[in-house]
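Secondary and tertiary structure notes
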Amino acid sequence: MTADPPTPLTERLASINGVASVSFHNRGLWVDGPLLDVEAMADAMAGLGIRLGSITAIPQSAKGETTIIYHFISESIIISFKTQTRNGALASLAGRLRAAAWAEREIRDLFAVDFPGHPNPLPLIKPSGFANGMLREAMCGPAALAKSPTSALRVK
Amino acid sequence: MAYTFPLGPYHPALEEPFKVNVQCKGEIIESATIEVGFSYRGIEMLAQQRNWIEVVTLIERVCGICSNTHASTFCMAAESIAGIEIPKRAAHIRTIVAELERLHSHLLWAGVGAEDIGFHSLFMEVFNLRERVMDMLEAISGNRVNYGMNCIGGVLRDIADPLSHLPVLDAMEKTMTNIVIPTFTKNPTVLARTRNVGRLSREQAIEWAVVGPVARASGVDIDVRKDQPYLVYADLGFTAVTRPEGDVLARVVVRALEMLESIRLVREALKSIPDGKLRASEGMPSVPAGEATMRTEAPRGEAFYYVASEGGNGPARVKIRTPSFVNIPAIQAMITGLPLADLSIVQASVDPCISCTDR
């Protein structure tokens, strides 16, 4: 499950339905679970008194699934749960965690991920006239687009 | 009679566009909804199209007020992936600029707040003080905003004569202690508009997951500088300021006392700045494949970054969660049941940054 010695926290994380691995690197705990039960995760973190800090979405392809990372913050450490959408959707956590409400609306606007059960699924940042997923295609293959340095002064 | 009142997006109190739709009965606010996104810029997408040098300049433009916070937090995330430890002198300089930026931001907020309650002479006093901070930042970086101090691996500019800045800090502390803080905390005009207004209880603060001065003014003792110290905060020592009341006055007091703590931190960092290099390496940084999360205490609260690298010339993904993104929604909880006339100062007491929110 993890190369580090298990702690009560890592053991609790590992017990959440759908968690495949828990590891520690770059000053944070990283929890992987492609089929993670996100509602069970939300309930477990609420029970531990750990707040939701943010949600990151990374589209895997223009029309495919999306990697979703839930970042919970316990003040001394960040715990990131990595999972993926199923048929373009994941259960909304907004009814359980207020901090999820705007984050899910923004992800829906940018990447067309659906969050069934969201109590207020209105656009957050998407201008009227744009379809959901307005930046999905543009943010799918980012690494190839990054340019080499253009300033000779900064290259050695 | 019930009616809906739209405040914004062209705003009478703030220079940035956001909208609060309040549903009122008579003069009392019954509920509210908040709209943002009027100036969305897609910076996270643009970050994926720039290399590791260019992207720092882009990220610094997330916000004009806490620009240094964004650049330094992003750099710290990239440094975490790359295993880069920045020189101690660079960590001191980043801390000095971060705390000057907090002073600048809190003074800007205090001036806007003074203007919102019709206290124009206090606004002038505060903005006069803010000029001193901006002059100091200009002397250090060459810029009054967007300081361009950070690069992956350290800082781009040195502070040549650190002790020369101490007299300015002494003068600012004197004005703040003798004029600004007493006026904000004891003047009847200020108290009448801020005490018991716009309350957010500790339980509500936790429920809405607010951060920064908004959380600390509701008795939630969270501050990244204390909870997960970075740069040289552990060396300098740090005292977080909290208040239990949760009203606008508490937010005023927290920010006012934080300014004194920022002056102390800048003074200590200037006095103890060690000799040494400014950057761990020169040229294009090499960031291997990996991912990292990073958070710092921006003036408005916790700034959170997720950065992923695929080992290429630039980042594969940059996720930015600004403090305003989680603080602004809580305005709904603060204003319910208040007179409409309090809406302006309550939303200003959150110090909402729309530039940050709309990235």
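Residues numbered from 1 in each chain as written. Chains lettered and ligands numbered in written order. Predicted model: local features only at pLDDT ≥ 70, side-chain atom pairs only at ≥ 80, totals over all residues.

**Considerations on the overall build of chain B**
Looking only at helices and strands, chain B features 16 helices and eight strands. The principal-axis extents of the C-alpha atoms in chain B amount to approximately 65 × 45 × 30 Å. Across the 359 residues that make up chain B, the buried fraction comes to 56%. Contacts in chain B between residues at least 24 apart in sequence constitute 71% of all its contacts with a sequence separation of at least 6. (Helix = DSSP H or I, 4+ residues; strand = E, 2+ residues; numbered from the N terminus. Buried ≥ 20, exposed ≤ 12 C-beta atoms within 10 Å, placed from the backbone. Contact = placed C-beta atoms within 7 Å.)

**A closer look at the overall build of chain A**
Each helix and strand in chain A was counted, giving three helices and five strands. When the 156 residues of chain A are sorted by exposure, 44% land in the buried category. Intrachain contacts of chain A at a sequence separation of at least 6 include 45% that bridge at least 24 residues.

**Quick word on the interface of chain A and chain B**
Accessible area lost during the coming together of the parts is what is often quoted as the interface size. The partner chain B presents 38 residues to the 35 residues of chain A that form the contact. Going through the elements one at a time, strand 3 (51-59), strand 4 (66-73), strand 5 (78-84) and helix 3 (99-111) of chain A are the ones with two or more residues in the side of chain A that touches chain B. Among the elements that take part in the side of chain A that touches chain B, strand 3 of chain A stands out by supplying six residues, more than any other. When its residues are assigned to classes, the side of chain A that touches chain B shows 18 nonpolar, nine polar and eight charged. (Nonpolar A, V, L, I, M, F, W, Y, C, P; charged D, E, K, R; others polar.)

**Remarks on the sheet that holds strand 6 (residues 290-298) of chain B**
Note: strands within a sheet are paired through backbone hydrogen bonds, in either parallel or antiparallel orientation. All names here are of chain B. Ordered in space as 6-7-8, the three strands form an open sheet in which the pairing is antiparallel. Either end of the sheet is taken by a strand with one partner, and the two such strands are strand 6 and strand 8 (317-321). Strand after strand, the sheet turns through a mean of 15° between neighbouring axes, direction not considered. As defined by bridge partners, strand 7 (residues 301-309) adjoins strand 8 across five bridges and the pair is classed as antiparallel. Bridge pairing in strand 8 places Val307 opposite Val318. Helix 3 (residues 67-82) contacts strand 6, strand 7 and strand 8 of the sheet and is inclined by roughly 150° relative to strand 6. (Pairing = 2+ DSSP bridges. Axes fitted to C-alpha atoms, helices over the stretch in contact; angles between N-to-C directions.)

**Looking at helix 3 of chain A**
Residues and elements named next belong to chain A. With 13 residues, helix 3 ought to run about 18 Å at 1.5 Å a step, and its terminal C-alpha atoms sit 19 Å apart, in line with that. Counting buried positions along helix 3 gives 13 out of 13 residues, so the element sits mostly inside the fold. Downstream of helix 3 by one or two residues, Ala112 has phi in the positive range, about 60°. (Expected span 1.5 Å × (residues − 1).)

**Some words on the packing of helix 6 (residues 166-186) of chain B against helix 12 (residues 248-272) of chain B**
Residue and element names in this part refer to chain B. The geometry of helix 6 relative to helix 12 is characterised by a closest axis approach of 11 Å and an angle of 170° between their N-to-C directions. Between helix 6 and helix 12, the angle falls in the class roughly antiparallel. Counting all contacts with helix 6, which are made through Leu166, Leu169, Met172, Glu173, Met176, Ile181, Phe184 and Thr185, the residues of helix 12 involved are Val252, Val253, Ala256, Met259, Leu260, Ile263, Val266, Arg267 and Leu270. (Parallel < 35°, antiparallel > 145°, perpendicular 65-115°, else oblique.)

**What to know about the packing of helix 4 (residues 88-116) of chain B against helix 5 (residues 120-141) of chain B**
Axes are the key here: two packed helices are described by the angle between their axes and the distance separating the axes. Residue and element names in this part refer to chain B. The interhelical angle for the contact between helix 4 and helix 5, taken along N-to-C directions, is 160°, at an axis separation of 8 Å. Between helix 4 and helix 5, the angle is such that the two are roughly antiparallel. Regarding helix 4 and helix 5, the two cross each other, and that crossing is left-handed. Where helix 4 abuts helix 5, its residues Val97, Leu100, Leu103, His104, Leu107, Leu108, Ala110, Gly111, Ala114 and Glu115 lie against His120, Leu122, Phe123, Val126, Phe127, Leu129, Arg130, Val133, Met134, Met136, Leu137 and Ile140. Counted by class, the contact of helix 4 with helix 5 contains 17 nonpolar, three polar and two charged residues. (Left-handed = near helix turned anticlockwise from the far one by under 90°.)

**Considerations on the nonpolar core**
Among soluble globular proteins, nonpolar side chains are generally buried collectively. Residues Phe74, Ala78, Tyr305 and Val307 of chain B are the most contacted members of the largest nonpolar core, which totals 160 residues. Those residues in contact with Tyr305 of chain B that lie beyond four places of it in its chain are Thr73, Phe74, Ala77, Thr293, Met294, Val318, Lys319 and Ile320 of chain B. (Core = buried A, V, L, I, M, F, W, Y, C linked by C-beta atoms within 7 Å.)

**Some points on the environment of Glu302 of chain B**
Residue and element names in this part refer to chain B. Note that Glu302 resides in strand 7. For Glu302, a count of 27 C-beta atoms within 10 Å corresponds to the buried category. In the structure, Glu302 is positioned 77 residues away from Arg225 in sequence and 9.5 Å away in space, judged by C-alpha atoms.

**Observations regarding unusual backbone geometry**
Comment: phi is negative for the bulk of residues other than glycine, and the bulk of peptide bonds are trans. The omega torsion across Gly8 of chain B and Pro9 of chain B is 5°, close enough to zero to call that bond cis. For Pro9 of chain B, the location among the structural elements is in the loop between strand 1 (2-7) and strand 2 (19-25). For Arg27 of chain A, which is not glycine, the phi dihedral falls at a positive 65°. In this structure, Asp351 of chain B takes a positive phi of about 55° despite not being glycine. With respect to the element layout, Asp351 of chain B can be found in the loop between helix 15 (343-349) and helix 16 (354-358).

**Points about the confidence of the model for chain A**
Mean pLDDT over chain A: 86, with 86% of residues reaching 70 or higher. Predicted confidence is poor over residues 152-156 of chain A, with pLDDT under 50, and the contacts of this stretch with residues over four places away or in other chains come to nine contacts. (pLDDT = per-residue confidence, 0-100.)

**Details of the pairing of strand 3 of chain A**
Residue and element names in this part refer to chain A. Extensive coverage of strand 3 is indicated by the burial of nine of its nine residues. In terms of strand pairing, strand 3 meets strand 4 through eight bridges, oriented antiparallel. Within strand 4, the residue paired with Pro59 across the bridge is Thr66. Count of turn residues in the strand 3/strand 4 antiparallel hairpin: six residues.

**Some remarks on the environment of Ile50 of chain A**
Positionally, Ile50 of chain A belongs in the loop between helix 2 (38-48) and strand 3. Not counting the four nearest positions on each side in its chain, Ile50 of chain A is found in contact with Met45, Phe72, Ile73, Ser74 and Ile79 of chain A.

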